[in-house]
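Structural overview for review
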Amino acid sequence: MSGTSVTGRDFDAVLFGLDGVLIPRTPGTADRPSAGIEAFPGSIAWVRELREAGLRTAVVTDRADRAAVLACAGLTNLFDTGVDGRAARELRLSGEPGPGMLLEAARWLGVAPARTVVVEDTAAGVAAGGAGGFGLVIGVDRDGAAAALTQNGADLVVADLGELLVAATDDVHRAGPKEHRLLAASRRLVAAAGDHPTDPWHIVEHMYNPGYVEQTETLFAVANGFLGIRGAFEEGKPSFRPATLLNGFHETWPIVYPENAHGFATTGQTIAPVPDGTALRLYIDDDPVTCETTEVREFERALDMRHGVVVRTVVYQLADGRRFRLVTTRFVSLVQRHLAGIRFELTALDGPGHVVISSEMVLHRPATETAAFDPRQTRALDDRALVPDGDRTDGARVIRTYRTARSALRVAAGMDHEFDAEALTHLRTKLEDDRAIVAFEGEVPAGRTVTLTKWLAYHYGPTTDTDLIERAAVTLHRARSTGYPATLAAHHDQVRAFWDRSDVIWEGSPAAQKALRFSLFSVMQATLRAEGHGMPAKGLTGTGYEGHYFWDTEVYVLPFLVHTCPEVARSLLMHRVRMLPDARRRAREVGCAGALFPWRTIGGDEASAYYAAGTAQYHIDADIAYALDQYVRITGDVDLLFRHGAELLVETARMWAHLGFFSERRNGRFVIHKVTGPDEYTTVVDNNLFTNMMAAENLRLAADVVDRLRLESPPDHLRLVDRTGLDDEEVRVWRRAADEIYIPYDEQAGVHLQDDGFMDQAPWDFAGTPRDRYPLLLHYHPLVIYRHRVIKQADVVFATVLLPERFTAVQRRRIFEHYDPLTTGDSSLSECVQAIAAADVGKYRTAEEYLVDAAAVDMADTAGNLRDGIHIASAGGTWMALVYAFAGYRWRPPEPEFTPMLPTRARRLRFPLRIRGSVLEVDIEEERVTYSIRDGEPLTARHHGQLFTVTAAAPVSFPGRYRTHDAGPGSPPR
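Residues numbered from 1 in each chain as written. Predicted model: local features only at pLDDT ≥ 70, side-chain atom pairs only at ≥ 80, totals over all residues. Heavy atoms only, no water.

Under the annotation held in an unreviewed UniProt entry, the chain carries the name HAD family hydrolase and is attributed to Actinoplanes hulinensis.

Structure representation (structure tokens):
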């Protein structure tokens, strides 16, 4: 069922049961609310929809702790009143299953039973609704009792209240045409909570699930920013796409156009998996033991985010009844970024066995599956993309080198082993074209555990590097000399240090806390040891988007890193600086002055074959400039700005000055034509607002830094002039262009335009678009999409988030209300931005749902492509959504500003921000916000406009009400 007749025309109020309707029934917890209560997402969404439609709501339960339970679940503000067991006793009402409590709740609300809906999950509850003469009785079937609910008087039975959400139309379209896609996400986040309490530090797979191997290979990947290993089983099967990936290691291929044109990208780049050393195939009495071939009696796999390891435990039972327990521990070192380790522990539980362990390093040849026309996937490389180039063996150690066929890169991949010499012997070492095997065998008596430790080392460089084997040998030798316990402990220390400076505490919802930590952990794995490289869109958890670097890094991930790991942020910005020569060359290719950074790349060249949604996104220059400005302002690192950043700003400003022009038709305003903004469903347009405003910001930054260098560092200014040929007239043009930038605005609609022609396009038929036709880019010809008013991801709305001071509060609200209903969310980059914008205009409930959606993109696979890798930009955007939206943090004013408000699912938020060398902790509680200095000098900031200074010795607190307020029926949210 889609939609419901529960509207203000037919009914005035809805009465909800509690257990089984709003929250799960958990045996043994009655009258003992806990902080871990998770409400049914579908129920929350429908209650909110009812209240926005003007209906009143109440909770009816025989529990005595209704208020405490609602508070623990973050639902208090969703209900006007409630009748519980305590009230029933005081009023001498008959408890459930009679209608007395329901009738009393209707009386408290001031509504007639005939115009009131009752929602219950038990046969007795729906019978009471019928006996009380209520206008509509809805049964919620959580446990296969639909027939009983119907027989006892339910007018309607649903499996989840989310089924009753009104279908999207042009009139009912508050949160975009996703039609509450977030519901599936939220359900996955709280799945099996009754059987397995949520652990906010672990992602746990409690049972062997062969149908989910594609996704778990991504979820259980381990990486450090340079080296990444997907979560395939050590036993080799089952598997989907096992891979070991190195940041920046890629193959190139010629882009072939049936009809070519000047300036089109000519060289494709695709991340190339290197030999995968995770395989430790197990044979007992000469038979293979895998989850596919052997009975699995117990299974658990956990990603331990606190320590940065994946631990898997399997108990296998052989055909004769003997059981063997296998425990594997896997990590990729944050200390030695070229190193990974696997500990393999096998225990014979109740009978002996002859064991062979075949440790392998395999070059997986490309799968036959192709990416079809899904641009999110990767290209299948040629079967001989990597060519064997040499090897060295020494006992249980093997190091092999391969070179790419076209990109002139060489990689050395090595493995070495430590093993229990009393139980295992080295059987043989064997080399094949694509496989190296080091085999061990031994007798394992009952009750005995045998242990094998496998070390993996990876180094790469240009084909001219001749020392790669030696470098891999040094890495392996160091690991063996240090030993497994010490190497793992050093890795744990680095992970702990990351959490010390980065963790966000979310009290009140363990599932939300876990999802948030997974987002931060994913960013850590994608960036922390990426020195000398960029950040692939999927990190190193999969080959999606071909391992390319996009604007994701600067706009979505750097804000988190700038405030928590500034040295990592600096490294990523330096990668862009080193790419400047390629950007200058690309600008010349497309007829521009200055430098134009590639939209997608690995090696520095533009790799996007579709210019309309690639090269035309000139805004990437301004995105990088914006990130550089944020880094310098927050860290105070003027050395980077003066020595490197100034040149980047000059060259990007030159590009904008050449790309645009002062238009007589626009009264001398500076216009920029034939560009594409963040919304890839509207391409090659004139005066995209986001592009124009960001370009103006880029031009101002460049002019300002030139003036600053002239005053503060004349030698650096002289060097800049010498390197770039800069003259003063250029700077004057930049300032004029920034001041005279044209900003499209529609007087009739009273809203800023996404571009000059946006309002001239036909409206998209959202109501007539089935859910399975999203994302639109996979189901409609681009020209069909381009001629309609439909948005892939936030565009004008994003401008209000990045440059809020360029708009009034009234303008920002109007923009959000106009464009949010047109936004499909077909991009995972959208929800986090929409969350920030929604909170900025006071729509906290909408903001919270977008935050949930952003946090669940990968844990719930809402985009449907988790198998290709983690959405790292969305992970970084989740931090932005929490800190910018619900802490109300703004970094662009002279002093940091905060306007905090807790989400309904949170009782407390606490997080650190490193600002100009000091670590500020922000602690948001329901009735108090406290700012304290963990480390460093005093800091001055604003809280809801009030200036304050905080020191290490003197925290500053502001009492107040900081719980998100769900407004009353029909009234706007605060």
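As a further point, take the environment of Thr-904. Position of Thr-904 among the secondary structure elements: in the loop between strand S33 (897-898) and strand S34 (908-915). A sequence separation of 826 residues divides Thr-904 from Leu-78, and the C-alpha atoms of the two residues are 9.4 Å apart. (Helix = DSSP H or I, 4+ residues; strand = E, 2+ residues; numbered from the N terminus.)

All right, on to the pattern of salt bridges then. Inspection of the entire model under this criterion finds 80 salt bridges. With its nearest N and O atoms 2.8 Å apart, the salt bridge here joins Glu-234 to Arg-312. Of this pair, Glu-234 sits in the loop between strand S9 (227-229) and strand S10 (244-246) while Arg-312 is found in strand S16 (residues 309-317), placing the two residues 78 residues apart along the sequence. Measuring nitrogen to oxygen at the nearest pair gives 2.6 Å for the salt bridge that ties Glu-360 to Arg-435. (Salt bridge = Lys/Arg side-chain N within 4 Å of Asp/Glu carboxyl O.)

Right, let's get into the confidence of the model for the chain. On average, residues of the chain carry a pLDDT of 90, and 92% of them reach 70 or more. Here residues 167-195 is a poorly scored stretch, pLDDT under 50, and it has 66 contacts once near neighbours within four places are set aside; other chains count. In this model residues 368-372 is a low-confidence stretch, pLDDT under 50, and it forms 7 contacts with partners more than four residues away in sequence or in other chains. (pLDDT = per-residue confidence, 0-100. Contact = heavy atoms within 4.5 Å.)

All right, on to the nonpolar core then. Counting residues in each nonpolar core, the largest one holds 229 residues, and the members touching the most others are Trp-551, Tyr-556, Leu-561, Phe-798 and Tyr-819. With 13 residues, helix H17 (residues 689-712) is the largest single contributor of residues to this core. Counting residues in hydrophobic clusters, the runner-up holds 32 residues, among them Leu-18, Trp-46, Val-47 and Val-119. (Core = buried A, V, L, I, M, F, W, Y, C linked by side-chain atoms within 4.5 Å. Buried < 20%, exposed > 50% of the residue type's maximum accessible area, 1.4 Å probe, protein only.)

Topologically, Thr-769 is positioned in the loop between strand S31 (762-763) and helix H20 (782-786). Counting along the chain gives 439 residues from Thr-769 to Arg-330, while the straight-line C-alpha distance between them is 45 Å. Once residues lying within four places of it in the same chain are set aside, the contact partners of Thr-769 are Trp-764, Tyr-774, Leu-776 and Tyr-780. There is a polar contact of 2.8 Å between the side chain of Thr-769 and the side chain of Trp-764. For Thr-769, the side chain forms a polar contact with the main-chain oxygen of Asp-765, separated by 2.6 Å. (Polar contact = N/O pair within 3.5 Å; in protein donor to acceptor, adjacent residues only side chain to side chain.)

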